[in-house]
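Chain by chain, the residues:
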Amino acid sequence: MDHCLVADGQDSQALRLVAELYDPVSGRMLTLHSTQPGLQVYTGNFLGFSEDFPRWSAVCLEAQGFPDAINQPGFPSCVLRPGEVYQQEIVHTFTVRL
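Our subject in this report is the structure included herewith.

Scanning the protein chain from terminus to terminus reveals zero helices and six strands. Order of helices (α) and strands (β) in the protein chain, N terminus to C terminus: β-β-β-β-β-β. What you see for the protein chain is a C-alpha radius of gyration of 16 Å, clearly larger than the 13 Å of a compact globule of 98 residues, by over 25%. Projecting the C-alpha coordinates of the protein chain onto the three principal axes gives extents of approximately 45 × 35 × 20 Å. When burial is assessed residue by residue, the protein chain has 26% of its 98 residues classed as buried. A separation threshold of at least 6 residues defines the contact pool for the protein chain, and within that pool the share at least 24 residues apart is 53%. Carbon and sulfur atoms form 57% of the exposed surface of the protein chain, whose accessible area is close to 7100 Å². The distance from the centre of the 5 positive side-chain charges to the centre of the 11 negative ones in the protein chain is 2 Å.

Moving on, we come to unusual backbone geometry. Positive phi outside glycine occurs at Asp68, with the angle close to 65 degrees. Within the secondary structure, Asp68 is located in the loop between β5 (60–64) and β6 (90–96). With a relative accessible area of 40%, Asp68 lands in the partly exposed category.

Attention now goes to the sheet that holds β5. Pairing is antiparallel across the open sheet formed by three strands, whose spatial order is β1-β4-β5. Either end of the sheet is taken by a strand with one partner, and the two such strands are β1 (2–6) and β5. Shown here is a sheet whose adjacent strand axes are inclined to one another by a mean of 25 degrees, direction ignored. Relative to strand β4 (residues 38–42), β1 runs antiparallel, the two sharing five bridges. Residue Cys4 lies in a different strand from β4, and its bridge partner there is Gln40.

Locating Ala58 in the fold gives a position in the loop between β4 and β5. Relative accessible area serves as the criterion here: at 35%, Ala58 is assigned to the partly exposed category. Separated by 16 residues in sequence, Ala58 and Tyr42 place their C-alpha atoms 8.1 Å apart. For Ala58, the contacting residues outside a window of four places in its chain are Tyr42, Thr43, Gly44 and Leu47.

Here Thr31 lies in strand β3 (residues 28–34). If sequence neighbours within four positions are ignored, Thr31 has contacts with Leu17, Ala19, Glu20, Val91, His92 and Thr93.

Reading the values: rules and limits
- Residues numbered from 1 in each chain as written.
- Predicted model: local features only at pLDDT ≥ 70, side-chain atom pairs only at ≥ 80, totals over all residues.
- Heavy atoms only, no water.
- Helix = DSSP H or I, 4+ residues; strand = E, 2+ residues; numbered from the N terminus.
- Rg over C-alpha atoms; globule rule 2.2 N^0.38 Å.
- Buried < 20%, exposed > 50% of the residue type's maximum accessible area, 1.4 Å probe, protein only.
- Contact = heavy atoms within 4.5 Å.
- Areas by Shrake-Rupley, 256 points an atom, 1.4 Å probe, with all protein chains shown as cover.
- Lys, Arg positive; Asp, Glu negative; His and termini not counted.
- Charge placed at Lys NZ, Arg CZ, Asp CG, Glu CD.
- Pairing = 2+ DSSP bridges.
- Axes fitted to C-alpha atoms, helices over the stretch in contact; angles between N-to-C directions.

Pasting the structure below:
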């Protein structure tokens, strides 16, 4: 998988939950909150170059703007003009669920 998903409430600049990963074996949990409108999810499609890193043995979550936003008038703008301030927030929280 290598897709950009639309976050719920993407029209808002509020910090909101956009992803949760949970491993029931270890109890480890990751929650990701962001102000970004999109979440790129990549699952290691091109891994597989060794036994230590088989294909699809990883996951990457990247809160971001939408790909091709520069060419899509209906997407939130990704343009930063001189003098403008760019500010986004991404919070990764790691916990253990017992």
